[in-house]
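# Coordinates in review
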Amino acid sequence: MEKPRDNFSGNDDCVSDIVIEEYLVESKESASHVQLACSKHYCAFPLNGNELCIWNSKNPSSQLLRGHHQSITAVTFGNKMNPLLICSASQDYVIMWNLDECKENVVQGLIPRGIVIGTLLGKVLCLRFSPDDQIVAVCAGNKISMLDIENQSILVELEGHLGRVTAVEFCTWQANIVISVSEDRSFKVWDHCKGSLIYSSSVLTAYPLLRLFINEELKQLVTGCADGQLWIFSLIEGHHYRCVTRIDLRKKRDSFCTKKVKSGLCSQLEESQLSSTNEVDKEGKTEVTFPVLTLEHCDLSLNLCSECEFFSSESTTCLWIGSSTGLFIFNLANFELEAFLHYKDFRSLSIKIAGSCAIMNKTIDHKVFCLLTSLFGNKIAILKIDVAALVSSQQCSDVGKNLSVLASSCVLPTSPLYFGIVEKRSTKPASKKQSAVWNIIKDQPLVFHNKVRSSGYACAPHVTMFSLKTSMKNDSKRSSKCKNNYKCKEYPLENSLPVKLSKQIAVAHKPTAVCCLQYSGDGQRLACGLANHLLLVFDANLKGTPAVFSGHDGAVSSVGWSHDRKWLASASQDGTLRIWSVRSTELTLFLGKGMFSKPIQFVQFYYIDSFILLSSGPEFQLLKYHIDTCKDEIKRYKQKSKFKPVCRFSMTNAVEITSLSAVNDFYSYIVFTAGRNRTLEIFDLNAGCSAALIPDAHSRPVHQICQNKGSPYMAQQSEAYNLFITTAIGDGIKLWDLRTLRCERRFEGHPNRCYPCGVSFGPCGQYIARGAEDRSAYVYEMGSSTYSHKLAGHTDTVTGVAFNPSAPQVDISSSSKLRCCIPGNF
């Protein structure tokens, strides 16, 4: 019996409009474990066993279609809207219906009739139309029958599964390809035109695979099984159906609820339910699973662009996952949950545990309709869900702090960075000629070209950050060699992916670990810190004899170039910090062991060489320095260069800093830190305080933060500089956006379980390189979560990678060897 619609509120009044039950009917027979169907305006489900009910969302009403003699087991809609076709299957018939013709028959007082396109195929578990609606794939038993709608005949039968086929999908960009999953726990790729098997996967799990989804935008295959596990595979040509990642919905749900509790977005009832569930799980009395009943595209771009400021356009490639206890919104970019709707949280909802589920892939007035059937009863319900309200009620919106890597305001008098400004103003006034030159060049560009390549992440209009100045005159005389070395050239926009081995050298005669790699800003030199206490500087082409900087008594753990490329800072496990003259390889500034409580983990120049930034233990320090190049042959032992501590900052809870990053190529107030407790903390040095905290950034402590710093030879959109990546052992790479403080994409596929391998951002902002323990380096494109190239052939774990800022070149360190890769055929 049909019941009127009603509004249902959850545990809080603020979510009273999230779910509305639009339609409720009780069938004579259970419709559990039946394939249901939803299109843009219609929902289709079996009623009373052999009747097909079509519910219209435009004018809420239902229409019954009769033709089957046995219970309907599968229903699906066609892909075209005109005409809109629907196919239903039972053990006796497979019937195709034209909804427009059915409506006309009803108006004329006639009984709607369908076309029987198949008979006595067995119990059908799944139906699917081809993209052009000319073929229907029917899954019955352990085979797939391809039915021709026009001729009502079987074109081909695809056999090869060892269990019942539970789902099938057509590949939209390859019309001849279909993919199927089965209770034999594997998936297979077929060419249905030839009737041949293209690929067969291994056994994925101990539970049957139930549902299948193909994402055309990302070219990925998503499949889910009965115990709540999801697998994502790449369908990109040349990737050979590699596994991108595996997802445990139960763990994702627990992690998502824990974050809600910490952020204060979880109600008291939800919090008590979560704590009680965890206690029961620990006692081993029960185990909560989420069988995957449906997978469908979720469109968040239109729903959240205006209501949820914390959402970005790139994070809206999402997926609806229907389970027996609720609905998940899963982000296919960062592999995280965006929202979770639990049926039991809505007290007046008729169905608490679902046996079958279907959901619309398009929104109607920012709402979607979900079709549910009861697992233990005969009820069938249609829910209207406000997607924006659901997501916004479960996401933390505390991101309106206007954080930006690019400095957008003047330095405050209370800022520790003001120390350098005052000192500059107190210096000797410049002559009129020098002042005139300063007025000409003080705001001039770092990039000398007009073409701009986007990172592929941000969608805002291009903002010109730099432009060419041709009126500046320089009276100084420079050698032709010097001019060639510092000539700014445009970063090549084509064929810029370095995958071909160009040169390989040994950095030491004995096996020696390479601890760090760092290119100079002009891309002409590469600094390499070694475990044998030496610091080497190579030419970018790795030719010639490297410059040797010796003096440390421990492994050189960090190295940093000055913006003017005259100085080189290095830190060592011996607890010292040294600044070297690049030209003479001589030591110019030394900070001894007694000055720091713990060894310096990271050092760099900061604020365009105004300061030295370093981390030691649970704090990072800002030092003001002065390098005196004058030599006194009598008192050569006395150090004339000086430094002065400006300020120091500690992470929350005084945890040890495991990584630190800041920009030196342009003025920026932002410093990124990572702690031993797996948190990320962002400091605003203009305000002189912590600006944001991201708990549980990875499952293990972050061992490297890498910012998208761009390059003097490649301009990017201003928003792209707010991107940064983090990496941790055993937890992949995460791409973050400073504006939203969210993980926007996750990169998986490189094995890394024990050793902290390095990561590097490409100067164009389109590529990421990562070392791995399988003696390979991996190159990722920003738009894909799986690697695009694997650079193999190394003899040991790849510990470091570095992109050249001036040329499409990446250098890779492994044991005591350096490899240089350039564009070319891999």
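Residues numbered from 1 in each chain as written. Predicted model: local features only at pLDDT ≥ 70, side-chain atom pairs only at ≥ 80, totals over all residues. Heavy atoms only, no water.

### Overview of the overall build of the chain
Per the secondary structure count, the chain includes 8 helices and 57 strands. Counting every position in the chain, which comprises 826 residues, the buried fraction comes to 55%. Partitioning the contacts of the chain with sequence separation of at least 6, the portion at a separation of at least 24 is 53%. Within the structure as shown, the chain displays about 36,300 Å² of accessible surface, and the carbon and sulfur contribution to it stands at 49%. (Helix = DSSP H or I, 4+ residues; strand = E, 2+ residues; numbered from the N terminus. Buried < 20%, exposed > 50% of the residue type's maximum accessible area, 1.4 Å probe, protein only. Contact = heavy atoms within 4.5 Å. Areas by Shrake-Rupley, 256 points an atom, 1.4 Å probe, with all protein chains shown as cover.)

### Points about the sheet that holds strand S17 (residues 187–191)
Here 4 strands make up an open sheet; going across it, the order is S15-S16-S17-S18 and the pairing antiparallel. On the outer flanks of this sheet lie strand S15 (165–170) and strand S18 (196–200), each paired with one strand and no other. On average, adjacent strands in this sheet sit at an angle of 25 degrees to one another, irrespective of strand direction. Examined bridge by bridge, strand S16 (residues 177–182) and S17 share 5 bridges and lie antiparallel to one another. Bridge pairing in S17 places Ser180 opposite Lys188. (Pairing = 2+ DSSP bridges. Axes fitted to C-alpha atoms, helices over the stretch in contact; angles between N-to-C directions.)

### A word on the environment of Ala37
Looking at the secondary structure, you find Ala37 in strand S3 (residues 37–38). Spatially, the C-alpha atoms of Ala37 and Leu371 are 8.0 Å apart, while their sequence positions differ by 334 residues. Ignoring sequence-local partners within four residues, the contact set of Ala37 consists of Tyr42, Cys43, Ala44, Val75, Thr76, Phe77, Ala358 and Leu371.

### Looking at the packing of aromatic side chains
On inspection of all chains with the given rule, the structure shows 24 aromatic pairs. Ring centres of Tyr606 and Tyr607 lie 5.9 Å apart, and the angle between their planes is 45 degrees; on these two criteria the pair is classed as tilted. Neither Tyr606 nor Tyr607 differs from the other in exposure class; each is buried. Measuring from centroid to centroid gives 6.4 Å for Tyr780 and Tyr787, while their planes differ by 90 degrees, and the two rings are edge-to-face. Here Tyr780 falls in the buried class, since its relative accessible area comes to 0%. By relative accessible area, Tyr787 is classed as buried at 14%. Counting every residue linked through ring pairs, the aromatic cluster contains Tyr606, Tyr607, Phe611, Tyr667 and Tyr669. Across the ring face of Trp173, the terminal group of Lys219 is positioned such that the distance to the ring centre comes to 5.1 Å. When the ring centre of Phe611 is taken as origin, the NZ or CZ atom of Lys624, which lies over that ring, is 5.1 Å away. (Phe/Tyr/Trp six-rings, centres within 6.5 Å; stacked < 30°, edge-to-face > 60°. Lys NZ or Arg CZ within 6 Å of the ring centre and 35° of its normal.)

### Digging into the pattern of salt bridges
Side-chain pairing between opposite charges can occur once the charged atoms of the two side chains come close. Evaluation of the coordinates by the stated rule reveals 19 salt bridges. Across the pair Arg128 and Glu169 runs a salt bridge whose closest N-O atoms are separated by 3.3 Å. Linking Arg128 in strand S11 (residues 124–129) with Glu169 in strand S15, this pair joins segments that are 41 residues apart in sequence. Here Asp731 makes a salt bridge to Arg746, at a shortest N to O gap of 2.2 Å. With Asp731 in the loop between strand S48 (723–728) and strand S49 (733–737) and Arg746 in strand S50 (residues 742–747), this residue pair connects regions lying 15 residues apart in the sequence. Overlapping salt bridges bring together Lys252, Glu336, Asp731, Arg746 and Glu748 as one network. (Salt bridge = Lys/Arg side-chain N within 4 Å of Asp/Glu carboxyl O.)

### Examining the sheet that holds strand S56 (residues 810–814)
Each strand in a sheet pairs with its neighbour through backbone hydrogen bonds, running either in the same direction (parallel) or in the opposite one (antiparallel). Taken together, the 4 strands give an open sheet; going across it, the order is S30-S57-S56-S55, and neighbouring strands pair in antiparallel fashion. The sheet terminates laterally at strand S30 (498–506) and strand S55 (798–803), the two strands that pair on one side only. Each neighbouring strand pair of the sheet contributes to a mean axis angle of 25 degrees, computed without reference to strand direction. In terms of strand pairing, S55 meets S56 through 5 bridges, oriented antiparallel.

### Things to note about the side chain of Thr588
Its place among the elements puts Thr588 in strand S38 (residues 587–591). There is a polar contact of 2.8 Å between the side chain of Thr588 and the backbone oxygen of Ile579. (Polar contact = N/O pair within 3.5 Å; in protein donor to acceptor, adjacent residues only side chain to side chain.)

### Notes on the confidence of the model for the chain
In the predicted model, the chain carries a mean pLDDT of 84, and 82% of its residues have values of at least 70. Predicted confidence is poor over residues 1–15, with pLDDT under 50, and the contacts of this stretch with residues over four places away or in other chains come to 38 contacts. Every residue in residues 305–311 is under pLDDT 50, and counting partners more than four places away or in other chains gives 17 contacts. (pLDDT = per-residue confidence, 0-100.)

### Comments concerning unusual backbone geometry
Peptide bonds are trans in most cases, and residues, glycine excluded, mostly fall at negative phi. Note the cis peptide between Asn82 and Pro83, where omega equals 0 degrees. With respect to the element layout, Pro83 can be found in the loop between strand S7 (74–77) and strand S8 (85–89). Its identity as a non-glycine residue notwithstanding, Phe335 has a phi of 60 degrees, on the positive side. Assignment of secondary structure puts Phe335 in the loop between strand S25 (326–331) and strand S26 (336–342). A positive phi angle, close to 55 degrees, is found at Ser815, a residue other than glycine. Structurally, Ser815 is set in the loop between S56 and strand S57 (817–823).

### Overview of a positive patch on the surface
There is a patch of like positive charges on the surface, built from Lys40, Lys58, Lys103 and Lys362. Topologically, Lys362 is positioned in the loop between strand S27 (354–359) and strand S28 (367–374). Residue Lys362 is classed as partly exposed on the basis of its relative accessible area of 44%. (Patch = residues over 30% accessible without salt bridge, like charges linked within 9 Å, V, L, I, M, F, W, Y side chains within 5 Å. Lys, Arg positive; Asp, Glu negative; His and termini not counted. Charge placed at Lys NZ, Arg CZ, Asp CG, Glu CD.)

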